[in-house]
Amino acid sequence: QVQLVESGGGLVQPGGSLRLSCAASGIIFSAYAMGWYRQAPGTQREFLARVTSGGSTAYADSVKGRFTISRDNAKNTVYLQMNSLKPEDTAVYYCKASKTGAVPYWGQGTQLTVSS
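Being a predicted model, the structure only gives us computed values, none of them experimental.

Procedures and definitions
Within each chain, residue numbers correspond to sequence positions counted from 1 in written order. Where totals are concerned, whole chains, interfaces and linings use all residues; where local detail is concerned, this predicted model gives features only for residues with pLDDT of at least 70, and gives and counts side-chain atom pairs only at 80 or more. Each side-chain value is derived from all of the structure's non-hydrogen atoms; neither hydrogens nor water enter the calculation. Secondary structure elements are taken from DSSP: a helix is a run of H or I of four residues or more, a strand is a run of E of two residues or more, and numbering for both begins at the N terminus. Atoms counted for the radius of gyration: C-alpha only. Globule rule: 2.2 Å times residue count to the power 0.38. Each residue gets one of three labels from its accessible area relative to the maximum for its type: buried under 20%, exposed over 50%, partly exposed in between, using a 1.4 Å probe on protein chains only. Should any heavy atoms of two residues lie within 4.5 Å, those residues are counted as being in contact. Side-chain rings of Phe, Tyr and Trp, where Trp is taken by its six-membered ring, are said to pair if the distance between their centres is within 6.5 Å; with planes under 30 degrees apart they count as stacked, over 60 as edge-to-face, and otherwise as tilted. Each ring is checked for a lysine NZ or an arginine CZ that lies within 6 Å of its centre and within 35 degrees of its normal; such an atom marks a charge sitting over the ring. The working definition used for a salt bridge is a side-chain nitrogen of Lys or Arg within 4 Å of a carboxyl oxygen of Asp or Glu. Paired strands, in this sense, are two strands between which DSSP finds at least two bridges. Fitted lines through C-alpha atoms give the axes, limited to the stretch in contact for helices. The angle between two N-to-C directions lies from 0 to 180 degrees.

J.: When you look at the overall build of the protein chain in this model, what are you seeing that I'm missing?
T.: Helices and strands together make up the secondary structure of the protein chain, namely zero helices and eleven strands. Reading the protein chain from its N terminus to its C terminus gives the helix and strand order β-β-β-β-β-β-β-β-β-β-β. The globule rule puts the C-alpha radius of gyration for 116 residues at 13 Å, and the 13 Å found for the protein chain is close to it. Over its C-alpha atoms, taken along the principal directions, the protein chain stretches across nearly 40 × 25 × 25 Å. A burial count over the protein chain gives 38% of its 116 residues as buried. Restricting the contact set of the protein chain to residue pairs at least 6 apart, pairs at least 24 apart contribute 53%.

Shown next as structure tokens:
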């Protein structure tokens, strides 16, 4: 059974930092590209960042320079370090595991609220 479990969300003040984690089980983690997405109320799910199985990264313009994605294959975990947070970063954050020819997997999401 595949599980992706996000953690680390919460309430943070504008300008603050937070690190999200996504722990995977039931897949060969190192073979999957891992991504972070978010969805605010009334909006579509938005791509944020991706790290391939080989370690290459890509970012959405909205978070480039503020967010950093990384992975630890020994821990089957992908991280999203978020700095200089803004109120508009408030959303539910999801991780995704994807591999060519395979069904993608999603986590259940973790809420981030940026507010003073």
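From this point, the narrative continues.
J.: Before we go on, may I ask you to explain the packing of aromatic side chains in this structure?
T.: Aromatic ring pairs are described here by two measures, namely the spacing of the ring centres and the angle between the planes. Enumeration according to the criterion identifies three aromatic pairs in this entry. Ring plane angle 65° and centroid distance 4.9 Å describe the contact between Y37 and W106, whose orientation is recorded as edge-to-face. Of this pair, Y37 sits in strand β4 (residues 33-39) while W106 sits in strand β10 (residues 105-106); the two residues are 69 residues apart in sequence, bridging distant segments of the chain. The class of W106 is partly exposed, set by a relative accessible area of 34%. Aromatic ring contacts, followed pair by pair, group Y37, F47 and W106 into a single cluster. Sitting over the ring of W106, R45 keeps its end group 4.6 Å from the ring centre. Here the guanidinium or amino end of R71 rests over the ring plane of F29, the centre of that ring lying 4.6 Å away.

J.: Honestly, the pattern of salt bridges in this entry has me stumped. Any pointers?
T.: The full count for this structure, using the stated rule, is four salt bridges. Between D89 and R38 there is a salt bridge; the shortest N-O distance is 2.8 Å. Of this pair, D89 sits in the loop between β8 (77-82) and β9 (91-98) while R38 sits in strand β4, and the two are 51 residues apart along the sequence. The buried category is assigned to R38, whose relative accessible area is 8%. The closest approach of N and O atoms between K64 and D61, which form a salt bridge, is 3.3 Å. Bridged by salt links that share partners, the residues R38, E46, R66 and D89 form one connected network.

J.: Explain the sheet that holds strand β3 (residues 18-25) to me, please; I cannot follow it from the model alone.
T.: Across a sheet, strands are paired by hydrogen bonds formed along the backbone, either parallel or antiparallel in direction. Taken together, four strands build an open sheet; the order of strands is β1-β3-β8-β7 and the sheet is antiparallel. At either end of the open sheet lies a strand with only one pairing partner, and these are β1 (3-7) and β7 (67-72). The sheet shows a mean angle of 15° between the axes of neighbouring strands, direction not considered. With six bridges connecting them, β3 and β8 associate as antiparallel partners. Paired with L18 across the two strands is M82, which belongs to β8.

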